[in-house]
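Geometric and topological summary
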Amino acid sequence: MSDHSLETEAWDQLFSTQCECGSTKVKKQSFCRRCYFSLPRELQQALYRSFSEGYVEAWSEARDYLKEERTARSHR
Ligand SMILES: [Zn+2]
């Protein structure tokens, strides 16, 4: 996957009303509240970056983190 499509994906997700986990979220927030608060503090803060400051990378990292969290939970 190229960086460009990742950026497009991050943008689409930001303006979507559905979180990665399937829950409803607020437009212009990266994730729903539950996902957001399950992120490490560092990643929560990174999501306040602008697109030019590395938002896409932070979002991608947060998404991977949440994906792993969900996998870990479902296997417990
Ligand atoms: Zn969520």
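What you are looking at is a predicted structure, and each value in this text was computed from that prediction instead of being measured.

Conventions used here
Residues numbered from 1 in each chain as written. Predicted model: local features only at pLDDT ≥ 70, side-chain atom pairs only at ≥ 80, totals over all residues. Helix = DSSP H or I, 4+ residues; strand = E, 2+ residues; numbered from the N terminus. Rg over C-alpha atoms; globule rule 2.2 N^0.38 Å. Buried ≥ 20, exposed ≤ 12 C-beta atoms within 10 Å, placed from the backbone. Contact = placed C-beta atoms within 7 Å. Expected span 1.5 Å × (residues − 1). Arc of directions from axis to C-beta. Core = buried A, V, L, I, M, F, W, Y, C linked by C-beta atoms within 7 Å.

1. Some remarks on the overall build of the chain
- A tally of regular secondary structure across the chain gives 4 helices and 0 strands.
- Along the chain direction, N to C, the helices and strands of the chain fall in the order α-α-α-α.
- Relative to the globule expectation of 11 Å for 76 residues, the C-alpha radius of gyration of the chain, 12 Å, shows essentially globular dimensions.
- By principal-axis analysis of the C-alpha atoms, the chain measures approximately 40 × 25 × 20 Å.
- When burial is assessed residue by residue, the chain has 14% of its 76 residues classed as buried.
- Partitioning the intrachain contacts of the chain with sequence separation of at least 6 by distance along the chain shows that 33% fall at a separation of at least 24.

2. A short note on helix α4 (residues 55-74)
- Here α4 contains 20 residues, and its C-alpha end-to-end distance of 28 Å stays within 8% of the 28 Å for a straight helix at 1.5 Å per residue.
- Those residues of α4 that sit buried are Ala58, Trp59, Ala62, Arg63 and Leu66. Mapping the buried residues of α4 onto a view down its axis gives an arc of 135°, with all of them on the same face. Seen from the buried face of α4, the exposed residues on the opposite side, beyond 90 degrees, are Asp64, Lys67, Glu68, Thr71 and Ala72.

3. Here we look at the nonpolar core
- With 8 residues, the main nonpolar core is built from Cys19, Phe31, Cys35, Leu39, Ala58, Trp59, Ala62 and Leu66.
- Tallying contributions element by element places α4 first for this core, with 4 residues.

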